[in-house]
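The chain contents come next:
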Amino acid sequence: MKMEGNRDEAEKCINIATKALTAGDREKAAKYLHKAEKLYPTDRAKALLDALTKNGSSAGNGAYRRRPAEGSGAPPGGEGQESGGGDSSKGFNKEQVEGVQRIKRCKDYYEVLGVSKEVNEDELKKAYRKLALKFHPDKNHAPGATEAFKKIGNSYAVLSNPDKRRQYDLTGGEEPSSPGHSHGGGAGFDFHRGFEADITPEDLFNMFFGGGFPSSAAHTFTNSRTSYSQQTDNRQERTEERNDGGFSMFIQLMPIVVLILVSILSQMMVSPPPYSLYSRPSTGQTLKRQTENLHVDYYVARDFRSEFKGSALHQIEKSVEDDYVSNVRNNCWKERQTKTDLLYAAKVYRDDRMRKKAELMTMDNCRELDRLNNLFRGG
């Protein structure tokens, strides 16, 4: 009868502790849970104490509950809050709590996945599938499940990469003894040792299962006074990446944009020459004229005669003749080069057709160059 009486008193203490957790009074909750353990040890009281001590989360109605997503009005200290009940509650059991604690105690990636160092690729995938489904935050609501899920994903991402796995095997996976890298009762790895995964645990899960568990709202997880919204963080990271990518693209394209603008401005600022060696209807230079000295044809606009007279006209005609002579000289050089190439090819290949083609070239520009040279000499 005494044991039964102690059991009833222990149940009352547990209920008081549960209400204290709901009210955010962790100290009172811990006091009554310790009292319940002394009166009548139960798995429920023990699990509540473990969750309270290691994760700072609350529970109620015989099942541990993770608080729902809240805004800025969430109570400080990262302490959980019992949901209103019904479908909105997020319950978890003792097995899930113990599973999370096992993952946290693991000292290397092989131990996390529960495989040996000789594991092959298929066995590694099988182990990851089993654990990922078991510890996904949308299915496992135990305190610390999100951290465990991340460690499982990171472990698989490293061990499934041959290069990273080889490097990891060489350096070993022992957890560092420095207190700066371990907290919460041996709750993690040193993730700054060069073995970070190239993909997030959530993306890795989606690759395996074609998307996560259905979830209509962001879930807020609590762990030792640190809370965060997983889906909100992911969206923010992706938005920041897109913003950074757009800014980087703008920086890369800026030199090209500047060059285009400079080119447009230079064209707008530099007026076209008042003459052309060829008729150009687009600029209105369609009136044909001839220079006084070398009798070179050129084309001007209708208002040319009123704008250029005397020395200005003489300077324009000198520029026309210089441009014309330069063009003729260049074209003559091309004609001679072409004829030389044809004659050489005809000689090498003994091709009379090429030889006749070279001999029949009119060499118009070279003849014009000779005419200009004779004019220069006064012939």
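Structure shown above.
Residues numbered from 1 in each chain as written. Predicted model: local features only at pLDDT ≥ 70, side-chain atom pairs only at ≥ 80, totals over all residues. Heavy atoms only, no water.

A few words on the overall build of the protein. Counting secondary structure elements, the protein contains 14 helices and eight strands. Relative to its full complement of 379 residues, the protein shows a buried share of 34%. Across the protein, the fraction of contacts at a sequence separation of at least 24, relative to all contacts at a separation of at least 6, is 60%. Approximately 23,900 Å² of the protein is accessible, and the part contributed by carbon and sulfur atoms is 52%. (Helix = DSSP H or I, 4+ residues; strand = E, 2+ residues; numbered from the N terminus. Buried < 20%, exposed > 50% of the residue type's maximum accessible area, 1.4 Å probe, protein only. Contact = heavy atoms within 4.5 Å. Areas by Shrake-Rupley, 256 points an atom, 1.4 Å probe, with all protein chains shown as cover.)

Counting residues in each nonpolar core, the largest one holds 27 residues, and the members touching the most others are L113, V115, L124, F135, I152 and L159. Secondary-structure elements contributing two or more residues to this core are α4 (94-105), α5 (109-113), α6 (121-135) and α7 (145-159). In contact with V115, not counting residues within four places along its chain, are Y110, L124 and A127. If you look at the next biggest cluster of nonpolar residues, it comprises 14 residues, including A10, I14, L21 and A36. (Core = buried A, V, L, I, M, F, W, Y, C linked by side-chain atoms within 4.5 Å.)

Those residues of helix α8 (residues 162-171) not exposed but buried are K164, R165 and Y168. Considered in projection along α8, the buried side chains sweep an arc of 100° and stay on one side of the axis. Across from the buried face of α8, at angles greater than 90 degrees, the exposed residues are P162, D163 and L170. Where α8 begins, the capping side chain belongs to N161, and its oxygen is found 3.0 Å from the backbone nitrogen of D163. (Arc of directions from axis to C-beta. Polar contact = N/O pair within 3.5 Å; in protein donor to acceptor, adjacent residues only side chain to side chain.)

So, about the pattern of salt bridges. Counted by the stated rule, this structure contains 14 salt bridges. Its salt-bridge partner being K151, residue E147 comes within 3.6 Å of it at the nearest N-O pair. Note that E147 and K151 are positioned in helix α7 at a spacing of four residues, about one turn of the helix. Comparing E147 with K151, the two get one shared label, buried. Ionic contacts of the salt-bridge type, sharing partners, join the residues D43, K94 and E98 into one network. (Salt bridge = Lys/Arg side-chain N within 4 Å of Asp/Glu carboxyl O.)

Bridge analysis of strand β6 (residues 275-276) against strand β8 (residues 297-300) gives two bridges, and the strand direction is antiparallel. Each residue of the ladder has a partner; that of S276, found in β8, is Y299. Here four bridges tie strand β7 (residues 287-290) to β8, and the two strands are oriented antiparallel to one another. Counterpart to L287 in the pairing with β8 is V300. In this antiparallel pair of consecutive strands, β7 and β8, the connection spans six residues, and H295 shows a positive phi of 55°. (Pairing = 2+ DSSP bridges.)

Where helix α12 (residues 311-349) contacts helix α13 (residues 352-359), the axes come no closer than 8 Å and their chain directions differ by 155°. Taken together, the axis directions place α12 and α13 in an arrangement best described as roughly antiparallel. Every pair of crossing elements has a handedness; the one defined by α12 and α13 is left-handed. Each of K339, L342, L343, A345 and A346 in α12 lies in contact with α13, whose residues at this interface are M354, R355, K357 and A358. Class assignment of the residues belonging to the contact of α12 with α13 gives a composition of six nonpolar, no polar and three charged. (Axes fitted to C-alpha atoms, helices over the stretch in contact; angles between N-to-C directions. Parallel < 35°, antiparallel > 145°, perpendicular 65-115°, else oblique. Left-handed = near helix turned anticlockwise from the far one by under 90°. Nonpolar A, V, L, I, M, F, W, Y, C, P; charged D, E, K, R; others polar.)

Taken in spatial order, the three strands make up an open sheet running β6-β8-β7, and their pairing is antiparallel. Looking at which strands have only one partner, the edges of the open sheet turn out to be β6 and β7.

What follows concerns unusual backbone geometry. What is expected of a backbone is that most residues other than glycine have negative phi and most peptide bonds are trans. Of note in this structure, R350 is not a glycine but carries a positive phi near 55°. Locating R350 in the fold gives a position in the loop between α12 and α13. The backbone phi angle of M363 is positive, close to 55°, even though this residue is not glycine.

A few words now on a positive patch on the surface. The grouping of R102, R105, K126, K130 and K134 at the surface amounts to a positive patch. Those elements that place two or more of their residues in the positive patch are α4 and α6. Counting residues per element, the positive patch draws most heavily on α6, at three residues. Tracing the backbone shows K134 in helix α6. (Patch = residues over 30% accessible without salt bridge, like charges linked within 9 Å, V, L, I, M, F, W, Y side chains within 5 Å. Lys, Arg positive; Asp, Glu negative; His and termini not counted. Charge placed at Lys NZ, Arg CZ, Asp CG, Glu CD.)

Attention now moves to the packing of aromatic side chains. For the structure shown, the criterion picks out five aromatic pairs. Centre to centre, the rings of Y110 and Y168 are 6.2 Å apart; their planes meet at 45°, and the pair counts as tilted. Here the residue Y110 occupies a position in helix α5, and Y168 occupies one in helix α8, the gap between them amounting to 58 residues. Grouping residues by exposure puts Y110 and Y168 together as buried. Taken together through their ring pairs, the aromatic side chains of Y109, Y110 and Y168 make up a single cluster. (Phe/Tyr/Trp six-rings, centres within 6.5 Å; stacked < 30°, edge-to-face > 60°.)

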